[in-house]
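# Chains, contacts and geometry: an overview
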Amino acid sequence: MGQPKLKSLVRCKDRDVGEVTKVIVDPLSHDVSHIVVKLDDGTERQVGMECVRTVLDAVVELDALSSDIAALPPFVRADYVTTREVEISHLEDHLDVIPGEVLVPLPALEKDIKRRTFFMNFTHAIGILIGLPMVYPVLRYLMKPMYAPFDNEWLKVGNVGKIKEEDVGVQFQYKKKVKEAYMPESEIEKTVWILKATPSVLEQVYQGKDQEFRDPSGRLIWTNKKDVPYVAFSGKCPHLGCAYKWRQHKTLGQVFLCPCHLSIYDAAGKVLDGPAPRRLDALPIRVAANGDVEIIDMEFKAGIKSQVRIM
Ligand code: FES
């Protein structure tokens, strides 16, 4: 006897009752064990192959009356999975039903999915509890730099004797020790622009108020006094963090010019042109009696209007 095909007409002893919509395969023997028949009323019944008398090309003849088939319990789709879902699609190679829905019975254990999921989650939870004491110190070590407080150490960058003219940006270089994640501590070269501002530029920088620098908890770190003429600007352009220069512009005169996307700032750090979202970032600065100048190195998030410290 051939194998029943999907869409075959199902004929009982007394009349046609519907068509084959699925076949159920025994995963061990690879034989079709049942056909699923969709009756005229739209419901489905699972019919064992022992009821099948003959399988013709497009018709399956049953050795039963239509009333016997209608009396069978309805087919429960949830008790089966497709051969593709359980990755035994090779079963279909032995069948004449391709393309179509070939089902295999769901293992009994799978049916109790809630219980199984509970035990699976429980096992995972135990695993995490056992592993946590071992993983925690490693994670802490790796993540420590991320949560380290900002470094507010004063760094000496040079002497203001280097500044010969007022309202002219002068670049100072300094070295800073950095520690990133698990990498060993290293030293990087950084730059800061310092100018000796005339009262009018100073007014534009501070707009009549001292500038306070606070840590995330609100604690005051330092105040740049509005009447101290030395102003320090972070060496990074607030647009995307490029290094900018002090340059002569053909119409604007002397300006800070960022070559990356041509943001232009005046001596007070105000944006004159280009995509920069905010003025240059002023840094805490103090000048000793002998002219030595120190700054607190701070970095702020680039590309945004507000000043958000990130380092
Ligand atoms: S980074 Fe300076 S203008 Fe874009």
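Scroll up a little and you will see the structure.
This text gives an overview of the structure that appears in the document.

Cut-off values and rules
Residues numbered from 1 in each chain as written. Predicted model: local features only at pLDDT ≥ 70, side-chain atom pairs only at ≥ 80, totals over all residues. Heavy atoms only, no water. Pairing = 2+ DSSP bridges. Helix = DSSP H or I, 4+ residues; strand = E, 2+ residues; numbered from the N terminus. Contact = heavy atoms within 4.5 Å. Axes fitted to C-alpha atoms, helices over the stretch in contact; angles between N-to-C directions. Buried < 20%, exposed > 50% of the residue type's maximum accessible area, 1.4 Å probe, protein only. Polar contact = N/O pair within 3.5 Å; in protein donor to acceptor, adjacent residues only side chain to side chain. Salt bridge = Lys/Arg side-chain N within 4 Å of Asp/Glu carboxyl O. Phe/Tyr/Trp six-rings, centres within 6.5 Å; stacked < 30°, edge-to-face > 60°. Lys NZ or Arg CZ within 6 Å of the ring centre and 35° of its normal. Disulfide = S-S within 2.5 Å.

## Regarding the sheet that holds strand 19 (residues 282–283)
- The sheet built from four strands is open, its strands ordered 10-11-14-19 with antiparallel pairing. Each edge of the open sheet is held by one strand with a lone partner, namely strand 10 (170–178) and strand 19.
- In this structure, strand 10 lies alongside strand 11 (residues 186–196), joined through nine bridges in antiparallel fashion. Its bridge partner lying in strand 11, K177 is registered against E187.
- Running over the sheet, helix 4 (residues 199–206) touches strand 11 and strand 14 (230–234) and is turned about 45 degrees from strand 14.

## So, unusual backbone geometry
- Positioned with a positive phi, D167 is a non-glycine residue whose angle comes to about 55 degrees.
- Relative to the helices and strands, D167 is located in the loop between strand 9 (154–159) and strand 10.
- Unlike most non-glycine residues, L262 shows phi in positive territory, near 60 degrees.
- Positionally, L262 belongs in the loop between strand 16 (253–258) and strand 17 (263–265).

## Concerning the pairing of strand 3 (residues 32–39)
- Where strand 2 (residues 16–25) lies against strand 3, seven bridges are found, and the strand directions are antiparallel. Within the sheet, the bridge partner assigned to V25 lies in strand 3 and is V32.
- In this structure, the hairpin formed by strand 2 and strand 3 is closed by a connection of six residues, where H30 is found at a positive phi of approximately 65 degrees.
- Sheet analysis places strand 3 next to strand 4 (residues 44–48), joined by five bridges and oriented antiparallel. For V37, the partnering residue across the bridge sits in strand 4 and is R45.

## Digging into the pairing of strand 4
- Among the five residues of strand 4, four are classified as buried, and the element is accordingly described as predominantly covered.
- Two successive antiparallel strands, strand 3 and strand 4, enclose a turn made up of four residues, where G42 displays a positive phi of approximately 95 degrees.

## Considerations on the side chain of K176
- By the secondary structure assignment, K176 is in strand 10.
- Polar contacts involving the side chain of K176 include one to the side chain of D297, which spans 2.9 Å.

## Some remarks on the pattern of salt bridges
- For the structure shown, the criterion picks out 16 salt bridges.
- A salt bridge links D63 to K13; its shortest N-O distance comes to 3.9 Å. On the criterion of sequence distance, the pair formed by D63 in the loop between strand 6 (59–62) and helix 1 (66–70) and K13 in the loop between strand 1 (9–11) and strand 2 is long-range, its members being 50 residues apart.
- Relative accessible area serves as the criterion here: at 43%, D63 is assigned to the partly exposed category.
- Salt-bridge contacts for R214 lead to E212; the nearest nitrogen and oxygen are separated by 2.9 Å.
- Relative accessible area serves as the criterion here: at 45%, E212 is assigned to the partly exposed category.
- Each member of the salt-bridge network shares a partner with another, and the members are K176, K190, K236, D297 and E299.

## Re the packing of aromatic side chains
- With the rule as written, the count across this model stands at eight aromatic pairs.
- Look at Y244 and Y265: their rings are 6.1 Å apart centre to centre, the planes differ by 45 degrees, and that puts the pair in the tilted class. Within this pair, whereas Y244 is found in the loop between strand 14 and strand 15 (245–249), its partner Y265 is found in strand 17, the two being separated by 21 residues in sequence.
- Residue Y265 is classed as buried on the basis of its relative accessible area, which comes to 0%.
- Pairwise contacts between aromatic rings join W193, F233, Y244, W246, F256 and Y265 into one cluster.
- Directly above the aromatic system of F172 lies the positively charged group of K162, at a separation of 4.5 Å from the ring centroid.

## Thoughts on the state of the cysteines
- Per the stated rule, a full pass over the model turns up one disulfide.
- Each sulfur of the disulfide joining C242 and C260 lies 1.9 Å from the other. In this structure the cystine formed by C242 and C260 twists about its S-S bond by roughly -95 degrees; its chirality is therefore left-handed. Taken together, the residues C242 in the loop between strand 14 and strand 15 and C260 in the loop between strand 16 and strand 17 connect sequence positions 18 residues apart.
- When its relative accessible area of 36% is taken as the criterion, C260 is described as partly exposed.

Fair warning: the whole summary comes from geometry, so function is off the table for now.
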